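If you want the building blocks of each chain, they are given just below.
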Amino acid sequence: MSPPSVKSMEEGRTPSVQYGYGEPKTLEGEIEEHTATKRGLSSRQLQLLAIGGCIGTGLFVGTSTVLTQTGPAPLLMSYIVMASIVWFVMNVLGEMTTYLPIRGVSVPYLIGRFTEPSIGFASGYNYWYSFAMLLASEVTASGLIIEYWNPPVSVGLWIAIVLVVILALNVFAVEWYGESEFWFAGLKILAIIGLIILGVVLFFGGGPNHDRLGFRYWQDPGAFNPYLVPGDTGKFLGFWTALIKSGFSFIFSPELITTAAGEVEAPRRNIPKATQRFIYRVFTFYILGSLVIGVTVAYNDPTLEAGVESGGSGAGASPFVVAIQNAGIGGLNHVVNAAILISAWSSGNAWCYAGSRTLYSLAGEGQAPKIFTRTNRTGVPYVAVLATWTIGLLSFLNLSSSGQTVFYWFTNITTVGGFINWVLIGIAYLRFRKALQFHGMLDMLPFKTPLQPYGTYYVMFVISILTLTNGYAVFFPGRFTASDFLVSYIVFAIFLALYAGHKIWYRTPWLTKVSEVDIFTGKDEIDRLCENDMERQPRNWLERVWWWIF
């Protein structure tokens, strides 16, 4: 198939393509002036956005649930396996996004373009819903974290304040969002590095009580806490449960780079840089963090168990704080609580951005009302921002006990939805490679990553099993409840309903032929944009350090 003919936008803009329903379209005339985003994110902002956005309450607090249920060994093992999966997902997204970092690009856009429109449609709304619910989840966590200090006002006030600040940072200019996320992410990265260093100090007995912990808790009460059944089977189920639950800490983190690709400066230089450095930061923060947790806190610690059972979201439920208190360090819990608050606030900020750009991309493809493509004079799709932010108001459900149950349903299906989308990313990447091979262009990729396509097969295999078995525990005797079953599997029904509805309404092809997969539209514009996109090499050691970090 010959490359589709697309009229380029003025000033080097890449056209918004309505892909799959006929000929690609360009937004013409007066509307065009109000639908283009701007490349306002710098390299340093993208670097911190890539890792900072995914460090939320999952690492600081969510690890406590995994530790108490399964033990320190499954916690560490699950984070190692999940980090390897995230690395491959990040790599394939990095390859596809570097090849085509057009304005309005998103992960569902790439999925739909390289598979078929109905899959892209279902994936797009799955992403948008998940980002919006993660926003509500992190806003709720922020309010509960502030409650740790026992303020004399309702938690609803803090939820409202967090929501308003997130809206302000997202709606005015992308530079505001990028700069705020840079400093938010920088602070919480310093916090997690500090906690890891503190854990090492406690490991060797450097705390006030000079109690050398070593691997004591791996011996007593043990490295494994058998889950559901005793013995080796229970230990394996503990690992599998930890692997499923660890997904919430990692889910959607690789997608943030693709989401920002259309608004980042020098995309073919900065996207590969962020992709390559992502895995080192994930290893430092998640794997070392989980190891420190496992050696400084016992899985049966009464304080930790009480925090998990109470459903706390502040410092009182953090295994880091339990370790600090056990070591006799006073006052540091408040510092950690502040770090957790920054972490939750920053993640909510990132999810609002990701959700709005996903909705903007869907509208640009004709899969959502065109009003969501409207941007303000600074290039922010403010209507999409407002729509995504409005879903965040569901966080107020947590002010009532009955609302908390509904909110629990909403937020817990996001992990399964993320797993489904990771499988779809793998399918899209394999078809992207086949299309490049068909046209003899595979060696022309501007960015290549190792172990492909075998890493993609690995991701698709493991994540497919995790997705199907994520609710396995409800099938054990005496554990089945309708709510737990629905939380685990209703996302399949939602995804299939979106897919089937779109397929029937538009009568799209089952799967685009490899020979007809569009790998050309927008490429010429990006090639021209990035033809002089070379990076000046650092001249001294200080510049080299800065270059490696940012």
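Counting starts from 1 at the beginning of each chain's written sequence and moves along it residue by residue. Per-residue local features of the predicted model are confined to residues with pLDDT of at least 70, and side-chain atom pairs are confined, for both listing and counting, to 80 or more; whole-chain, interface and lining totals are unaffected and use all residues. Just so you know, side-chain values use all the structure's heavy atoms and leave hydrogens and water out.

Regarding the overall build of the protein
Phase 1 of the analysis: Put simply, DSSP marks the helices as runs of H or I at least four residues long and the strands as runs of E at least two long, and each gets a number from the N terminus on. A tally of regular secondary structure across the protein gives 21 helices and 0 strands.
Phase 2 of the analysis: Counting the 550 residues in the protein, one finds 60% classified as buried.
Phase 3 of the analysis: Here the protein has roughly 21,900 Å² of accessible surface; of this, 64% comes from carbon and sulfur atoms. When a residue's accessible area, from a 1.4 Å probe over protein chains only, is under 20% of the maximum for its type it is buried; when over 50% it is exposed; and in between it is partly exposed. A 1.4 Å probe and the Shrake-Rupley method give the accessible areas. Residues count as covered only by the protein chains that appear here.

Some details on helix α15 (residues 332–364)
Phase 1 of the analysis: If you check α15, its first and last C-alpha atoms are 48 Å apart, about what 33 residues at 1.5 Å a residue would give, namely 48 Å.
Phase 2 of the analysis: For α15, a buried count of 28 out of 33 residues is recorded, marking the element as mostly surrounded by other parts of the structure.
Phase 3 of the analysis: The first or second residue beyond α15 is Gly 366, which carries a positive phi of 80 degrees. Expected span of a helix, by definition, is 1.5 Å for each gap between consecutive residues, and there is one gap fewer than residues.

Section: the side chain of Lys 523
Phase 1 of the analysis: With respect to the secondary-structure elements, Lys 523 resides in helix α20 (residues 523–529).
Phase 2 of the analysis: Not counting residues up to four positions away in its chain, the partners in contact with Lys 523 are Tyr 99, Leu 100 and Met 441. Only heavy atoms enter the contact rule, under which two residues are in contact if any of them lie within 4.5 Å.

Some points on the nonpolar core
Phase 1 of the analysis: Among buried residues, those of type Ala, Val, Leu, Ile, Met, Phe, Trp, Tyr and Cys that are joined through side-chain atoms within 4.5 Å constitute a nonpolar core. By size, the foremost hydrophobic cluster in this structure holds 141 residues, and its most contacted members are Met 82, Phe 250, Trp 422, Ile 425, Phe 432, Leu 466 and Ile 519.
Phase 2 of the analysis: Among all residues touching Ile 519, those that are not within four sequence positions of it are Tyr 99, Arg 113, Phe 114, Phe 432, Ala 435, Leu 436, His 439 and Met 441.
Phase 3 of the analysis: Within the second largest apolar cluster, 12 residues are counted, among which are Tyr 360, Leu 362, Ala 363 and Ala 368.

Focus: the packing of helix α6 (residues 117–146) against helix α16 (residues 382–391)
A pair of packed helices can be characterised by two numbers: the angle between their axes and the separation between those axes.
Phase 1 of the analysis: Between α6 and α16, whose axes approach to 7 Å, the crossing angle comes to 60 degrees. Considering the angle they form, α6 stands oblique to α16. Helix-helix and strand crossings are classified by hand; for α6 and α16 the assignment is right-handed. Of α16, the residues touching α6 (which contributes Trp 128, Ala 132, Met 133, Leu 135 and Ala 136) are Ala 387, Thr 388, Trp 389 and Ile 391.
Phase 2 of the analysis: A class-by-class count of the residues in the contact of α6 with α16 yields 8 nonpolar, 1 polar and no charged. Comment: axis = line fitted to C-alpha atoms, over the contacting stretch for helices; angle = value between 0 and 180 degrees taken between N-to-C directions. Here the angle decides the label: under 35 degrees means roughly parallel, over 145 means roughly antiparallel, 65 to 115 means roughly perpendicular, and every other value means oblique. Here is the rule for handedness: rotate from the far helix to the near one, and if that takes an anticlockwise turn smaller than a right angle the crossing is left-handed, while a clockwise turn gives right-handed. Three residue categories are used. Nonpolar comprises Ala, Val, Leu, Ile, Met, Phe, Trp, Tyr, Cys and Pro, charged comprises Asp, Glu, Lys and Arg, and polar comprises the others, including Gly.

Structural notes on the packing of aromatic side chains
Phase 1 of the analysis: Pairs were defined over the aromatic rings of Phe, Tyr and Trp, the Trp ring being its six-membered one, requiring ring centres within 6.5 Å. Orientation was assigned from the angle between planes: stacked under 30 degrees, edge-to-face over 60, tilted for the rest. Within the structure shown, the criterion is met by 28 aromatic pairs.
Phase 2 of the analysis: Residues Phe 475 and Tyr 489 carry aromatic rings whose centres are separated by 6.4 Å and whose planes lie at 45 degrees to one another, so their mutual orientation is tilted. Taken together, the residues span a long stretch of sequence, with Phe 475 in the loop between α18 (454–469) and α19 (482–506) and Tyr 489 in helix α19 at a distance of 14 residues.

Some points on the environment of Phe 239
Phase 1 of the analysis: Along the chain, Phe 239 falls in helix α10 (residues 231–250).
Phase 2 of the analysis: The sequence separation of Phe 239 and Pro 72 amounts to 167 residues, and the corresponding C-alpha distance is 9.8 Å.
Phase 3 of the analysis: With residues near it in sequence (within four places) discarded, Phe 239 still touches Pro 74, Met 77, Ser 78 and Val 81.

Remarks on the confidence of the model for the protein
Phase 1 of the analysis: The predictor attaches a confidence to each residue, and that confidence, scored 0 to 100, is pLDDT. Of all residues in the protein, 85% attain a pLDDT of 70 or more, and the chain-wide mean is 83.
Phase 2 of the analysis: Averaged over each element, pLDDT in the protein is lowest for helix α1 (residues 29–32) (38) and highest for α18 (96).
Phase 3 of the analysis: pLDDT under 50 marks residues 1–33. Its contacts with residues more than four places away, or in other chains, come to 72 contacts.

Things to note about the pattern of salt bridges
Phase 1 of the analysis: In what follows, salt bridge is the name for a side-chain nitrogen of Lys or Arg lying within 4 Å of a carboxyl oxygen of Asp or Glu. Counting across every chain of the model gives 7 salt bridges.
Phase 2 of the analysis: Between Lys 503 and Glu 116 there is a salt bridge; the shortest N-O distance is 2.8 Å. Of this pair, Lys 503 sits in helix α19 while Glu 116 is found in the loop between α5 (107–114) and α6, placing the two residues 387 residues apart along the sequence.
Phase 3 of the analysis: Take Lys 503: its relative accessible area is 8%, and that puts it in the buried class.
Phase 4 of the analysis: Here Asp 527 makes a salt bridge to Arg 268, at a shortest N to O gap of 2.6 Å. Placement of the pair is Asp 527 in helix α20 and Arg 268 in helix α12 (residues 267–296), with a sequence separation of 259 residues.
Phase 5 of the analysis: Among the ionic contacts, a cluster of salt bridges with common partners joins Arg 268, Lys 523 and Asp 527.

A word on the packing of helix α8 (residues 174–203) against α15
Phase 1 of the analysis: Taken N-terminus to C-terminus, the directions of α8 and α15 make an angle of 145 degrees; their axes are 9 Å apart at the nearest point. Crossing of α8 against α15: the hand is left-handed. Contacts between α8 and α15 involve Val 174, Tyr 177, Ser 180, Glu 181, Phe 184, Ala 185, Leu 187, Lys 188, Ala 191, Leu 195 and Leu 198 from the first element and Leu 332, Val 336, Ala 339, Ile 342, Ser 343, Trp 345, Ser 346, Ser 347, Asn 349, Ala 350, Tyr 353 and Arg 357 from the second.
Phase 2 of the analysis: Partitioned by chemical class, the residues of the contact of α8 with α15 number 15 nonpolar, 5 polar and 3 charged.

Description of helix α7 (residues 155–171)
Phase 1 of the analysis: Taking 1.5 Å as the rise per residue, α7 with 17 residues should run 24 Å; its terminal C-alpha atoms sit 25 Å apart, in good agreement.
Phase 2 of the analysis: Among the residues making up α7, those that are buried are Val 155, Gly 156, Ile 159, Val 162, Leu 163, Ile 166, Leu 167, Leu 169, Asn 170 and Val 171.
Phase 3 of the analysis: Residues of α7 that are buried make contact with α6, α8, α15 and α16.
Phase 4 of the analysis: The opening residue of α7 is Ser 154, an N-cap whose side-chain oxygen sits 3.1 Å from the backbone nitrogen of Gly 156. Any N or O atom pair separated by 3.5 Å or less is treated as a polar contact, with the protein-specific requirement of one donor-capable and one acceptor-capable atom, and with residues adjacent in sequence counted only for side-chain atom pairs.

Concerning the environment of Ile 287
Phase 1 of the analysis: Counting through the fold element by element, Ile 287 comes out in helix α12.
Phase 2 of the analysis: It is 9.8 Å that separates the C-alpha atoms of Ile 287 and Val 81, two residues lying 206 residues apart in sequence.

Points about the side chain of Thr 296
Phase 1 of the analysis: Relative to the helices and strands, Thr 296 is located in helix α12.
Phase 2 of the analysis: Polar side-chain contacts of Thr 296 include one of 2.7 Å to the backbone oxygen of Val 292.
Phase 3 of the analysis: Contacts of Thr 296, omitting those with residues within four sequence positions, involve Gly 199, Leu 202, Leu 213, Tyr 217 and Ala 323.

Describing unusual backbone geometry
Phase 1 of the analysis: Following Asp 220, the chain continues to Pro 221 via a peptide bond in cis, the omega torsion being 15 degrees.
Phase 2 of the analysis: Along the chain, Pro 221 turns up in helix α9 (residues 216–222).
Phase 3 of the analysis: The residue after Gln 452, namely Pro 453, is reached through a cis peptide bond having omega 10 degrees.
Phase 4 of the analysis: Following the sequence through the fold, Pro 453 ends up in the loop between α17 (401–438) and α18.

What to know about a nonpolar patch on the surface
Phase 1 of the analysis: A cluster of nonpolar side chains, Trp 409, Phe 475, Phe 480, Phe 485, Leu 486, Ile 490 and Ile 494, forms an exposed patch at the surface whose accessible area comes to about 630 Å².
Phase 2 of the analysis: Among the elements that line the nonpolar patch, the one with the most residues is α19, at 4 residues.
Phase 3 of the analysis: Within the element layout of this structure, Trp 409 appears in helix α17.
Phase 4 of the analysis: On the basis of relative accessibility, which here comes to 35%, the residue Trp 409 falls in the partly exposed class. Two distance rules govern patches: like charges are joined within 9 Å, and nonpolar side chains (Val, Leu, Ile, Met, Phe, Trp, Tyr) within 5 Å, applied only to residues with over 30% relative accessible area and no salt bridge.

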